[in-house]
Amino acid sequence: MGDDPARLYRLDGVAHIAGVINEEPQRCIRSMRRQQGMVLDDRYVPYLQMAGLYHLARLNDRWFRLDEALVSAFVERWRPETHTFHMPFGECTITLQDVAYQLGLPVDGRYVSGCLSEFHVYIDGGRPAWVWFEELLGVVPPPSQVQKYAVNCSWFQETFGECPEGADEDTVRRYARAYIMMLLGTQLFADKSGNRVHIRWLPFVARLEEMGTYSWGSAALAWLYRCMCRVANRNVIKLAGPLQLLQSWIFWRFPRFRPAGFVTFSWPLASRWSGYIPSSSEKGPRVQTWRLWIDRLQDREFIWMPYSSPDVLHVVHPEVLEPRHMVLWRSVTSLIYFAVIEWHQVNRVLPQFGGVQPRPQAALNIDFLMSKDGRGGDRWFPSYLQKWHQYWDDRTESVLRFDVVADPGPSHQFLDWWSQHGKRFLSPDPQLGDPRAVAIPVEASQRGAGQVPEMDRPDDVPDRRRVDRRARVGTRRSQRDWGWLERAMEAGDEAGPARGRRRHHPGRGRGRAAVHAAAPDPEDDDDDQHGPEGGDGAGAASVAGGSTQDGVHGGEWYGSGMGDGAEPSDAGLGSGPFGHYFVGVPTDDQPQQDGTPWVIPGSQWQDFLEADTLDADFGSPRFLAEILAIMQEDEPGRRRPQTPGTQAPLDVDLNEPATTPVGDQFALGGTPHSAYTAASQSVAGPSAAPLHFTPPAQPAPHEDADEIEDEEPFIRRGQRPRVPRRCGTGSHLFG
């Protein structure tokens, strides 16, 4: 019984950092985070309270710094297969309960979804993006401040930094909208640019009175899960998302890692660590030190239920303890942030809610969904991903019900299974010794086996692409590295019927241009704009009054291969320089043999090059030499060996059972006796019904484009002279 280890650690052989930890022992992530510098005006408070974001706004007023070395050590433990941290004592994770306590965000409510920019197409009463921007905020940014469908934070701060004294109510609402957009775009849903705010929030701030009906907590958790899954890839080092939640969760759950001197706290709980300054020593060695400390975690060094102490209950906001919110902490359901779909797998961490953890069932495989984030043309995602949005609508039907015990923790059966199959240790330091010589506590047997009722679960959505393509998920290269090949295949298919006669082809010459447009920056793994994107000034053109429907986007066609056959963008890379180079994905009704790629024969590539509908220059020796050079540049990365194990050569493999019987040996985490309490078993009542829009036919996705970084300097609070550009009611669109 229990999850299959081959399934549990399937991504080690793809690109998970834990699979190659010995090759990169000092790898350290970089946090892409911007502290919002806009003043929290008292006149904004009623709107923030209506939106359920007031506690987050108060938290934003306190300075926060991330300990990148510590977080890097935890990233190594994060498993996208389960959305949990795999520790020596078992599994633990960040849940909706943690979001509620740490950030003070509402959990119950409508999913945060919709469309990303084509508001006039999908929303009743919607406007073209930049027209609506002007109506709601009173001004539009100049083209120089627009990056595709995102606006530079520096422009927001300079334009809406301080609300004028004596402003009328309409002006205050405009400034409150700008403040909320900045708050969401920097504190909860920051991307890896760290300096832009997406316009996806316009439909939400258009109805300030309805913003409180959304589940901001579940959306924030979905985005944190996605960012963690991406940065667990060895090829990605930039980490975005609600990082204050992540670090505060570590400090609250692991007392051993807490900084000294932070004893008092208030609401929300993440405010406890404001003012914390991480060590300035070299990060690489510190990552190794933190890794060793985690490997040595012993009994009672993890707090299963930190929020049950009287001190926490004394400061907690009553709204968090409403039954409709509390019951969802134990719901096994989807987490939604537009096109980002993640899974709340709390059935693997029952001790965090007062239960006993049995052997886990197989985790849901949503690898394909995890590789998609909305690139490839705008859609009304509640319809396009209807099945997964429905799971959130039915969230109260998937609430776990289990016995709450006085001493929550893993069962004896779980610890026995974990000691044999879990990857408990990552540090190659010989000083670690053999920590298996810690007996499973007697109380683990006294807890019983634990039990989780069987529940209906979705079907797996695996990612069938080749390993070299999957290894680049979350990197910029994955989004456009080989887009020209995909377009070339489309052109070849269109040219087939016309072979043998010469005619004008509108796509002539695109192949070579795409080669140059798709050249990746080897130092940049950024995929920051998770949405339909305009490149080469597409966003600026939209501001100037151009159509937003004919813009271009970056990345793969969204939804390709998910129940509707293989799209061109899911073609992978083969082994040879040209022959047998295109590898496709089978459709759902085509069984795939293990280890047998779906190959488009190399002769088709040669036939395509010889098609008389293409310019002679397309297949010229110079053109082919350029392509071959690109492939050769990529060879080292594709040929880099993958190490399935996690240990350096030692006298003993710490992740294998002992060769000689040592009895029941394990290192167990637990909860101090002062933290014992019974969890609420209340059942959530019905929440506000979501708005329903009838989406029209889906528009075709657009072309690929390069990312453009905001070159504005990083403005820290107190270091920027305030020169506000006041917004008025009569602003015009910039031409």
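Below is a summary of the structure that appears in this document. (Residues numbered from 1 in each chain as written. Predicted model: local features only at pLDDT ≥ 70, side-chain atom pairs only at ≥ 80, totals over all residues. Heavy atoms only, no water.)

As a further point, take the overall build of the protein. When helices and strands are tallied, the protein shows 27 helices and 15 strands. Counting all 735 residues of the protein, 59% fall into the buried class. Contacts in the protein between residues far apart in sequence, at least 24 positions, make up 83% of those at least 6 positions apart. (Helix = DSSP H or I, 4+ residues; strand = E, 2+ residues; numbered from the N terminus. Buried < 20%, exposed > 50% of the residue type's maximum accessible area, 1.4 Å probe, protein only. Contact = heavy atoms within 4.5 Å.)

Our focus in this paragraph is the sheet that holds strand β4 (residues 90–92). Read from one edge to the other, the open sheet built from three strands follows the order β2-β3-β4, with strand pairing classed as antiparallel. Each end of this open sheet is capped by a strand with a single partner; those strands are β2 (78–79) and β4. (Pairing = 2+ DSSP bridges.)

A separate point is the pairing of strand β9 (residues 334–337). Both faces of β9 are covered, namely the face carrying Ser334 and Ile336 and the face carrying Leu335 and Tyr337. As judged from the four bridges shared by β9 and strand β10 (residues 340–343), these two strands associate in the antiparallel manner. From the neighbouring strand, Ser334 faces β10, where its bridge partner is Trp343. Hairpin connection from β9 to β10: two residues lie between these consecutive antiparallel strands, with Phe338 at a positive phi of about 55 degrees.

What follows is about the nonpolar core. The biggest cluster of nonpolar side chains holds 151 residues, and the ones touching the most others in it are Leu53, Phe156, Trp216 and Phe254. When residues of this core are assigned to their parent elements, the largest contribution, 12 residues, is made by helix α11 (residues 216–231). With residues up to four places along the chain from it excluded, the contact list for Phe254 reads Phe74, Met87, Phe89, Cys92, Trp249, Leu297, Glu301 and Phe302. If you look at the next biggest cluster of nonpolar residues, it comprises eight residues, including Phe414, Trp417, Trp418 and Ile440. (Core = buried A, V, L, I, M, F, W, Y, C linked by side-chain atoms within 4.5 Å.)

Turning our eyes to something else, we now look at helix α5 (residues 96–103). Of all eight residues that make up α5, eight are buried, and the element is covered over most of its length. For α5, the secondary structure elements touched by its buried residues are α3 (54–60), α9 (169–188), α11, α12 (243–253), α14 (310–315) and β9. One or two steps after α5, the chain reaches Gly104, where phi turns positive at roughly 70 degrees.

Looking now at the sheet that holds strand β5 (residues 146–147). Pairing in this open sheet of three strands is antiparallel, and the strands run β5-β6-β7 from one edge to the other. Strands at the two margins of the open sheet, each flanked by one partner only, are β5 and β7 (196–198). Inspection of the sheet shows strand β6 (residues 150–152) paired to β7 by three bridges, in the antiparallel sense. For Asn152, the partnering residue across the bridge sits in β7 and is Arg196.

Running from amino to carboxyl end, α5 crosses α12 at an angle of 95 degrees, the nearest separation of the two axes being 10 Å. As summarised for this structure, α5 and α12 are arranged roughly perpendicular, according to the angle between their axes. Contact residues: α5 offers Gln97, Asp98, Val99, Gln102 and Leu103, while α12 offers Leu245, Ser248, Trp249, Trp252 and Arg253. When grouped by side-chain class, the residues that make up the contact of α5 with α12 number five nonpolar, three polar and two charged. (Axes fitted to C-alpha atoms, helices over the stretch in contact; angles between N-to-C directions. Parallel < 35°, antiparallel > 145°, perpendicular 65-115°, else oblique. Nonpolar A, V, L, I, M, F, W, Y, C, P; charged D, E, K, R; others polar.)

Here we come to the side chain of Thr159. With respect to the secondary-structure elements, Thr159 resides in helix α8 (residues 153–160). Judged by its relative accessible area of 2%, Thr159 falls in the buried class. A distance of 2.8 Å separates the side chain of Thr159 from the backbone oxygen of Trp155, its partner in a polar contact. (Polar contact = N/O pair within 3.5 Å; in protein donor to acceptor, adjacent residues only side chain to side chain.)

What follows deals with the environment of Asp67. With respect to the helices, strands and loops of the structure, Asp67 is situated in the loop between α3 and α4 (68–75). Residues Asp67 and Ile29 lie 38 residues apart in sequence; the distance between their C-alpha atoms is 9.9 Å. Aside from chain neighbours lying at most four places away, what touches Asp67 is Gln247, Tyr276, Pro278, Arg286 and Trp290. There is a polar contact of 3.0 Å between the side chain of Asp67 and the side chain of Arg286.

In this section: the packing of α8 against α9. Packed helices, taken two at a time, are described by their axes: the angle between them and the distance between them. Taken N-terminus to C-terminus, the directions of α8 and α9 make an angle of 150 degrees; their axes are 11 Å apart at the nearest point. With respect to their mutual orientation, α8 and α9 come out roughly antiparallel. In this structure, α8 crosses over α9, and the sense of that crossing is left-handed. On the side of α8, the interface is formed by Cys153, Phe156, Gln157, Thr159 and Phe160, while α9 contributes Arg174, Tyr175, Ala178, Met181, Met182 and Thr186. When grouped by side-chain class, the residues that make up the contact of α8 with α9 number seven nonpolar, three polar and one charged. (Left-handed = near helix turned anticlockwise from the far one by under 90°.)

Keep in mind that these numbers describe shape and distance, not what the molecule does.
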